[in-house]
Structures are given as C-alpha cells and as structure tokens.
Amino acid sequence: MQRSSQLEISNSSAAWHSIINPIWQGSAEEISKGLPFNQMSPYWQMFLLGDGAPTRHLQLLTQSEIVVDVIAIAPIGYDDDLAPDAIAAIPAPRTRRQIWLRCAKTGEVLSHATSWWSTAQIDRYLTDPSLPIWASLNQKHTELYRDLQGISKGSSPGLVKTFGQPEIYWGRHYLLWHGGKPLTLIYEIYAPAIAKYLGPSSL
C-alpha cells in the first residue's frame, strides 16, 4: 500500500495509550534475569519477557487468526510524542502507528500497540498497514532482534472501555533492530482477557 493510502486513515489527534501511575516498573537490566513468580507467573514471563512476535504468540494461544484494527497512522515530525526515551533511536521525522490486536474467533481485543517509525522508512517495511508487523517483515525475510527496554504494571483509563475490565494492566516497550540499526519502537499494553489462556499474571 502506498503512502497516500496510509494517510487516508491518519488521525494525528488520536492519543496513544500508556501505563500511567505505574505500581511497578522495571528496566531492561532489572528484568533481564526474570521476575519472582509472585510478581509475574512463568507463563506471563515467557510471553512478555521473551523475544518472540506477540501477534504470533496470541495466534498460538487463542488458536485463532489475530486481526489488526488500525486506529491511526499519523506523522508526528520531530516531536518526541511523550514516548519512552528510546524513541531517540528512531530517526526523525517520525510516523506513529496505533492498532488493536483482536481475536477473530471471539472478537475480544487482546492488546493495544503503538509503534514509531522513521517516516522515510515506514513504507519500505509496512507495505500493508493492516498486517501485523511480524507478518509484514516475514514477507521480506527481515531478520529482527527484539530489544526489551522496560515493562510496567498500572492503569490506563483510556483502555477500560475497549478491554472491558477496569483492571491493572501489564505493558512493555521495546526496540526492533534490523541490520544493526533500530527499526521501530513499540509500546504494547495487554488486556486481562489473555489470562484465560495464560492463567493469572502472578502466582
């Protein structure tokens, strides 16, 4: 899909969602060796602290196609967008992409994700913005390294209506590297609904 098509769904006014007032957060160094199971169960750790593609993991967990609902693709120029500090690794001007990940079988929204891309490169890697990132990059046989930058637990009021549960959510952010260079910064928040597949988030 060409850039002109992407801009048709752009909505620069759409806020992106993050964990606010975190009750716990950890840096890459703090979580590199894993967390106590009373803080996060081993199943959730394999999901959130591993280096696999989250959309692929959700597909395996739910035994269902995972649908990408694109909320907005918007140019943000040289603004840091109140994003994690790692956004500095993504060359400006930048474009922000926001999506829901939804289970096709049940219709449940399982995750919200925001990603930031160099505007000069986004078309090269996301030729079809309706595809999951891993699917787009797999089509190009792109080798990736997932560099987890941090994880947090807390509230995100803007997600309550969609997630359907006003609970505490887990979120994480990471850089995807390709060819020795950072390709995109991704911030994900997961719905409590995935507990039906992973069990409670802590033991």
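Residues numbered from 1 in each chain as written. Predicted model: local features only at pLDDT ≥ 70, side-chain atom pairs only at ≥ 80, totals over all residues. Heavy atoms only, no water.

What to know about the overall build of the chain
Working step 1: Within the chain, the regular secondary structure consists of 8 helices and 7 strands.
Working step 2: By element, 52% of the accessible surface of the chain is carried by carbon and sulfur atoms, the whole surface being about 9800 Å². (Helix = DSSP H or I, 4+ residues; strand = E, 2+ residues; numbered from the N terminus. Areas by Shrake-Rupley, 256 points an atom, 1.4 Å probe, with all protein chains shown as cover.)

Quick word on the sheet that holds strand β5 (residues 145-155)
The strands making up a sheet are joined through hydrogen bonds of the backbone, oriented either antiparallel or parallel.
Working step 1: Spatially, β1-β5-β6-β7-β4-β3-β2 is the arrangement adopted by the 7 strands of the open sheet, whose pairing is antiparallel. Of all strands in the sheet, those with a lone pairing partner are β1 (20-27) and β2 (66-77), marking the two edges. Each neighbouring strand pair of the sheet contributes to a mean axis angle of 20°, computed without reference to strand direction.
Working step 2: Where β5 meets strand β6 (residues 169-178), 9 bridges bridge the pair, whose relative direction is antiparallel. Following the sheet pairing, L148 is matched in β6 by Y174.
Working step 3: Sitting on the sheet, helix α4 (residues 54-62) is in contact with β2, β3 (94-103), β4 (109-118), β5, β6 and β7 (181-190), with an inclination near 160° to β2. (Pairing = 2+ DSSP bridges. Axes fitted to C-alpha atoms, helices over the stretch in contact; angles between N-to-C directions. Contact = heavy atoms within 4.5 Å.)

Quick word on the side chain of T62
Working step 1: Tracing the sequence through the fold places T62 in helix α4.
Working step 2: Take T62: its relative accessible area is 6%, and that puts it in the buried class.
Working step 3: Polar contacts involving the side chain of T62 include one to the main-chain carbonyl oxygen of L58, which spans 2.8 Å.
Working step 4: Sequence-distant contacts of T62, defined by excluding residues within four places in its chain, comprise C103, K105, L110 and Y197. (Buried < 20%, exposed > 50% of the residue type's maximum accessible area, 1.4 Å probe, protein only. Polar contact = N/O pair within 3.5 Å; in protein donor to acceptor, adjacent residues only side chain to side chain.)

Focus: the nonpolar core
Working step 1: Formed by 48 residues in total, the largest nonpolar core has its most connected members in L48, L58, W116, F163, L185 and I194.
Working step 2: The biggest single contributor to this core is β7, with 6 residues.
Working step 3: Not counting residues within four places of it along the chain, the set of residues in contact with L48 comprises M40, L148, I151, W170, R172 and Y190. (Core = buried A, V, L, I, M, F, W, Y, C linked by side-chain atoms within 4.5 Å.)

What to know about the pattern of salt bridges
Working step 1: A complete count under the given rule lists 4 salt bridges for this structure.
Working step 2: The residue R102 makes a salt bridge to D69 at a minimum N-O spacing of 2.7 Å. Of this pair, R102 sits in strand β3 while D69 sits in strand β2, and the two are 33 residues apart along the sequence.
Working step 3: Overall, the relative accessible area of 24% leaves D69 in the partly exposed class. (Salt bridge = Lys/Arg side-chain N within 4 Å of Asp/Glu carboxyl O.)

Some words on the pairing of β4
Working step 1: Extensive coverage of β4 is indicated by the burial of 10 of its 10 residues.
Working step 2: Where β3 meets β4, 9 bridges bridge the pair, whose relative direction is antiparallel. Pairing of Q98 across the sheet is with T114, part of β4.
Working step 3: The loop that links β3 with its antiparallel partner β4 comprises 5 residues; one of these, G107, has a positive phi angle of about 85°.
Working step 4: Here β4 pairs with β7 via 7 bridges, running antiparallel. Directly across from S115, in β7, lies its bridge partner I186.

Some thoughts on the side chain of R172
Working step 1: Along the polypeptide, R172 turns up in strand β6.
Working step 2: Separated by 2.6 Å, the side chain of R172 and the backbone oxygen of L48 make a polar contact.
Working step 3: A polar side-chain atom of R172 sits 2.7 Å from a polar atom in the side chain of E188.

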